[in-house]
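Chains, contacts and geometry: an overview
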Amino acid sequence: MASWGMFPSRGVWRRPAFRWVDAVVLVGVAVLLFGLLRLAPSLNAPFLPSQAPSQVSTDPAELPYYAVRSLLRMFIALVLSVVFTFVYSTAAARLPRASKALIPLLDILQSVPVLGFLTVTVTAFISLFPGSSLGLECASIFAIFTAMAWNMTFAFYQSLVSQPRDLDEAARIMRLTKWQRFWRLDVPSGMIPLVWNGMMSFGGAWFFLAASESITVLKHTYALPGIGSYVAAAMQQGSLSKVAIAIVVMVVMVIAVNILFWRPMVAWAERFRAEESAAADKPRSVVLDLLRRSVVPAAVARPARPVGRLLDKLTRPFGLAEHPLSKPLVRQRTGDVFFAGLVTAAVAFGAWRAVTYLHVRGDLGQFGHAFLLGGATFGRVVVLLIFATLIWVPVGVWIGMNPKVSRIAQPVVQVLASFPANLLFPFATAFFVATGMSLNIGGILLMALGAQWYILFNVIAGASAIPSDLREAMQLMGVGGWLRWKRFILPAIFPAYVTGGITAAGGAWNASIVAEVVSYGKHHLEAYGLGAYIASASANSDFPKVLIGVVVMSVYVVGVNRLFWRRLYAIAEARYSL
Amino acid sequence: MTDDNVPHAADNVIVEAEHVTKTFTTPDGRALPVLDGVSLTLREGEIVALLGKSGSGKSTLLRCIAGLIAPSSGTVQYRGEPLNGANPGVAMVFQSFALLPWLTVQQNVELAMQARDVPEAERRDKALRAIDLIGLDGFESAYPKELSGGMRQRVGFARALAVEPDALLMDEPFSALDVLTAANLRGELVKMWDGGAREGAGKHSRGFPTKAVLIVTHNIDEAVQLADRILVLSSNPGRILAELRVDLPRPRDKRDPGYEELVDTVYDILTGRESALEKAAQIAPAAVSAMTPVDLPLPAASVGGLSGLLEILDARGGRDGLAEIAEDLNFEVDDLLPLVDAAVMLTMATVAGSDIEITDEGHTFVVSATDPAKEQFARLVVRHAPLVGAIVKALHATKDGSLREGFFLDLLRRGFSEDEARNQLDIAIAWGRWAELFAYDAERGELILEVPEPVVTGGSRL
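Note that the structure is predicted; figures quoted are calculated from it, not measured. (Residues numbered from 1 in each chain as written. Chains lettered and ligands numbered in written order. Predicted model: local features only at pLDDT ≥ 70, side-chain atom pairs only at ≥ 80, totals over all residues. Heavy atoms only, no water.)

1. Some points on the confidence of the model for chain A
Here chain A averages 82 in pLDDT, and 91% of its residues register 70 or above. Low pLDDT (under 50) marks residues 42-47 of chain A, which in the prediction has twelve contacts with non-local residues, meaning those over four places away or in another chain. (pLDDT = per-residue confidence, 0-100. Contact = heavy atoms within 4.5 Å.)

2. Examining the packing of aromatic side chains
Under the counting rule described, the total for this entry stands at 35 aromatic pairs over all chains. Site record: aromatic cluster; members linked through ring pairs are A:Phe84, A:Tyr88, A:Phe125, A:Phe142, A:Phe145 and A:Trp150. The residue whose ring lies beneath A:Arg271 is A:Phe272, and the NZ or CZ to ring-centre distance is 5.6 Å. The side chain of B:Lys374 reaches across the aromatic face of B:Trp434, ending 5.2 Å from its centre. (Phe/Tyr/Trp six-rings, centres within 6.5 Å; stacked < 30°, edge-to-face > 60°. Lys NZ or Arg CZ within 6 Å of the ring centre and 35° of its normal.)

3. A closer look at the side chain of B:Asn108
Within the fold, B:Asn108 resides in helix α2 (residues 105-115). By relative accessible area, B:Asn108 is classed as buried at 0%. (Helix = DSSP H or I, 4+ residues; strand = E, 2+ residues; numbered from the N terminus. Buried < 20%, exposed > 50% of the residue type's maximum accessible area, 1.4 Å probe, protein only.)

4. Some points on helix α8 (residues 227-237) of chain A
Residues and elements named next belong to chain A. Across the eleven residues that make up α8, a large majority, eight, are buried. Buried within α8 we find Ile 227, Gly 228, Ser 229, Tyr 230, Val 231, Ala 233, Ala 234 and Met 235. Gly 238 occupies a position one or two residues after α8 and carries a positive phi of about 70°.

5. Structural notes on the sheet that holds strand β15 (residues 438-441) of chain B
Residue and element names in this part refer to chain B. Spatially, the three strands line up as an open sheet ordered β14-β16-β15, and their pairing is antiparallel. At either end of the open sheet lies a strand with only one pairing partner, and these are β14 (402-404) and β15. Neighbour-to-neighbour, the strand axes of this sheet turn through a mean angle of 20°, independent of strand direction. Sheet topology note: the β15/strand β16 (residues 446-449) ladder contains four bridges and is antiparallel. Bridged to Ala 439 within β16 is Ile 448. Sheet strands touched by helix α15 (residues 386-397): β14, β15 and β16. Its angle to β16, the strand with the most contacts, is close to 75°. (Pairing = 2+ DSSP bridges. Axes fitted to C-alpha atoms, helices over the stretch in contact; angles between N-to-C directions.)

6. Things to note about the sheet that holds strand β7 (residues 167-171) of chain B
Residues and elements named next belong to chain B. Taken together, the six strands give an open sheet; going across it, the order is β6-β7-β8-β3-β9-β10, and neighbouring strands pair in mixed fashion. Unpaired on one side and paired on the other, β6 (90-93) and β10 (240-245) mark the two borders of the sheet. Pairwise comparison of adjacent strand axes, ignoring direction, gives a mean angle of 15° for this sheet. Sheet strands touched by helix α1 (residues 58-66): β3 (47-51), β6, β7, β8 (212-217) and β9 (229-233). Its angle to β7, the strand with the most contacts, is close to 150°.

7. Digging into the pattern of salt bridges
Inspection of every chain in the model, using the stated rule, returns 42 salt bridges over all chains. One salt bridge connects B:Lys254 with B:Asp221, and the closest N-O pair in it is separated by 2.7 Å. Of the two residues, B:Lys254 sits in the loop between β10 and α7 (257-272) while B:Asp221 sits in helix α6 (residues 220-226), which places them 33 residues apart along the sequence. The exposure class of B:Lys254 is partly exposed, given its relative accessible area of 35%. For B:Asp221, a relative accessible area of 17% translates into the label buried. Here B:Arg379 ties to B:Glu361 by a salt bridge, and the two come within 3.1 Å at their closest N and O atoms. Here the residue B:Arg379 occupies a position in helix α14 (residues 370-384), and B:Glu361 occupies one in helix α13 (residues 360-367), the gap between them amounting to 18 residues. Judged by relative accessible area, which is 37%, B:Arg379 ranks as partly exposed. Taken together, the salt bridges that share partners define one network made up of A:Arg69, A:Arg73, A:Glu137 and A:Glu213. (Salt bridge = Lys/Arg side-chain N within 4 Å of Asp/Glu carboxyl O.)

8. Brief notes about empty space enclosed by the protein
All names here are of chain A. Scanning all chains against the criterion turns up ten cavities of 30 Å³ or more. Empty space within the second largest cavity amounts to approximately 120 Å³. Lining the second largest cavity are 14 residues, and of these Met 199, Phe 202, Gly 203, Asn 258 and Ser 418 lie nearest its centre. Those elements giving two or more residues to the lining of the second largest cavity turn out to be α7 (178-212), α9 (240-269) and α14 (403-418). It is α7 that provides the largest number of residues to the lining of the second largest cavity, a total of six residues. Of the residues in the lining of the second largest cavity, the class split is nine nonpolar, five polar and no charged. Split by domain, the lining of the second largest cavity shows at least three residues from each of two domains, domain 1 (49-323) and domain 2 (361-578). (1 Å grid on protein atoms, 1.4 Å probe; cavity = no way out; pocket = protein on both sides within 12 Å on 5 of 7 lines; lining within 4 Å. Points joined across faces, edges and corners; volume = space filled by probe spheres on them. Nonpolar A, V, L, I, M, F, W, Y, C, P; charged D, E, K, R; others polar. Domains from an automatic or database assignment.)

Set out below in structure tokens:
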């Protein structure tokens with residue numbers, strides 16, 4: 001891996017083509033969403049938090065406090081994501097039956113636009129904590145969590161199932177307990193992909209933070225103290241200068257988190273690299289070096305050791321990390337059939353319930369309308385990808401092939417990719433209002449603000465990973481101009497580009513929910529598209545429409561991924577990987 | 001860990017494998033035997049070597065004994081108890097070392113004892129003793145990446161020996177090391193083993209804290225150097241061809257006539273199977289063409305390697321001992337024997353006992369220029385290599401002289417595992433390409449007949 005890898009990690013997309021189980025899972029997810037929706041209480045006023053303000057103060061002096069609150073949400077979500085990753089990946093990798101359902105489920109989940117479901121999750125969480133703003137807090141953290149967890153889980157699962165066979169055998173023959181194996185083998189060997197994907201997902205999650213702090217439920221807006229709601233409030237007041245201040249704070253926060261947390265983490269994770277790597281491009285961190293020289297490691301390690309010993313003892317009864325060599329075949333088959341039947345029956349029942357629910361309300365006809373709207377949004381995504389490709393591929397190649405430039409550009413692009421584009425929406429909207437540009441076109445620009453960076457980011461990674469001897473060979477042979485692009489550069493960056501393209505497309509779909517409806521001051525712009533459909537349905541708390549919109553969008557995303565991106569990815573892997 | 005009871009006759013049996021058969025299932029549901037009814041007893045105080053070519057299932061057998069995989073039929077017992085999970089009485093040394101790169105040498109060595117819940121102080125003592133024994137003093141806090149291959153394998157040994165296992169299993173422990181390092185480590189192992197044995201065979205000794213060793217190897221020299229008993233396994237499926245006792249005192253001298261004789265005997269046994277192949281090559285071509293690609297698999301030999309072997313043989317006067325060639329070239333059985341198999345299959349050489357002799361066909365091949373050599377090779381592979389012959393025939397039978405590789409893979413899967421089917425086709429493609437019999441489009445996975453003259457049937461291919 002180059003010093004900054006591609007995102008998401010390779011394993012995420014290297015998966016088999018569409019199978020029947022995916023269809024079951026897709027329906028299952030829809031059922032899950034439906035269940036959530038049914039769990040949400042009938043929205044009576046007493047359930048709604050009374051003390052939560054509908055708007056936060058836009059006094060810039062409050063900003064540091066808001067920033068800390070936002071940051072706290074991000075890190076809570078990160079911790080939850082790590083826990084989820086450990087549990088979910090381990091179950092998927094170690095329980096053969098569960099893995100059959102868990103992995104396709106994860107695959108679909110990462111395509112569901114959770115942003116569209118925010119209203120529903122908010123009401124569900126409010127019902128857990130009636131009358132307090134804790135429900136809102138949980139909903140926001142949950143939204144951030146969904147932006148982080150899937151990729152991390154995939155990366156860790158991939159490292160679990162691709163563990164070297166000899167290490168697995170060594171662990172078994174040493175008779176490590178389950179606990180020991182997890183902490184001595186599983187976690188260390190998955191640490192590098194976990195940290196890298198954690199860092200990148202964390203960057204992507206800022207967007208969700210900004211979008212989830214200020215939520216409209218039943219035509220009533222609630223705001224949590226945070227930088228996202230600050231911007232929302234400033235936007236409502238039409239104060240661009242206050243938005244600008246918030247953006248500066250945001251940039252500082254993103255950079256600080258990178259320097260103080262992720263950079264040291266990445267450098268620290270290097271110790272878990274199995275093969276020796278060239279010492280030259282090893283990630284370094286001044287902060288980590290400082291920490292290592294300080295008394296902190298020893299101070300942490302001393303009390304931790306007896307705790308570790310105790311846990312080691314306590315978990316011994318869970319047994320060895322072993323599975324019996326022979327199992328009665330008949331019983332196993334029966335179990336398989338029973339399990340598959342149970343899952344299918346549950347999904348079928350749920351689907352039936354969901355369809356009747358929509359049918360009773362007379363909303364089934366909405367599906368056709370939603371698919372039509374989806375087509376419009378799909379068109380926007382395509383245009384966005386084409387333009388982003390034309391602009392950022394040459395730029396990315398130029399940056400990636402110039403080590404000096406990329407050393408400076410790398411952190412900048414990383415901040416750009418992390419920066420929540422929705423904070424920039426006010427400026428864009430002001431521009432649209434001033435020029436009278438329709439949001440039907442402008443929406444593309446808004447979606448691109450966040451999504452395009454994934455293409456640039458991955459192209460840079462791909463271009464800088466081209467071996468220098470290949471470049472020298474091309475130079476010596478006098479391969480230049482268009483031929484150089486066609487035969488050398490484009491094929492070499494193709495796998496990285498595909499990875500970036502998938503991520504950018506996914507990001508754009510999600511962004512459409514906040515980009516197709518924007519308000520600035522007293523101006524209200526709306527585009528024709530599925531994102532706007534979902535956004536207005538959730539603003540009106542029209543749950544059936546939210547469900548329909550989210551399901552249709554998931555179908556679009558999953559369909560395009562399966563029919564287009566996965567195939568491209570397979571070609572890239574087979575033909576163009578260096 | 002040991003109970004020093006009064007030894008009974010059967011008490012010194014550590015591991016017993018009875019009629020172990022292992023079959024893997026091919027993708028189309030056929031059973032593919034890898035091990036066929038192998039029995040083995042490992043007793044206290046002995047070193048046993050499992051010797052065989054690739055495909056003999058020797059590593060599979062070792063993993064059955066270690067309790068890492070279950071035999072399809074037959075049983076493996078440790079001290080009379082049938083296994084249903086990792087064997088509790090053994091430790092293993094891996095070809096690839098299998099050290100955890102994020103743990104120091106000492107932590108790696110302590111890990112297995114930690115798994116057994118050995119108290120911390122005792123754990124450290126034992127680890128340091130094992131590290132000391134194996135000559136790693138001063139490297140306790142080093143990480144595996146900082147060590148050379150030889151040193152890493154020492155850590156592997158220390159880790160295995162620290163738990164004082166009943167039996168030590170070794171899976172080609174020296175084959176990832178360079179020749180000198182391997183010889184050095186092997187020598188030390190012998191010394192330690194004999195040091196331990198002198199203090200009392202079968203008893204626990206300070207010298208070498210294990211009671212028996214089972215080593216898997218494809219290096220004939222290694223087996224003869226180390227073992228008290230050598231079990232020679234056949235390939236596809238693995239069966240025990242012979243059991244040889246080695247009564248020479250250790251350390252053993254390569255120039256000892258007894259030693260040389262033993263090495264020759266092993267070569268004889270390992271190439272003995274080839275006599276059937278040779279017979280097939282010498283009888284009427286019609287009979288060979290009746291053999292299917294499954295009956296007569298292609299040996300994993302490259303054309304370059306094959307012609308290299310023939311050139312060396314030709315330069316040495318046309319006949320030499322296999323052991324000598326292997327010795328001079330530093331080849332191991334896995335490197336040399338496929339080349340020998342290929343030469344014999346294509347009637348370019350014959351094997352008699354442990355000697356190999358070049359034939360006229362082989363001599364012509366060596367002295368020819370590239371083009372005639374290619375023509376000759378093409379003729380020979382079509383006639384004697386069933387898979388290549390079958391491919392050419394099938395391509396001729398199609399209208400446009402091309403076929404998807406999936407077609408051949410499907411056929412091969414009836415007799416081979418998924419991987420082996422791929423290997424077979426790859427070998428056939430390499431041979432056929434070199435012979436300019438057919439071309440291969442890797443991107444589309446297509447085999448295309450090479451037509452020497454302009455196409456007469458019309459340009460249906462475009």
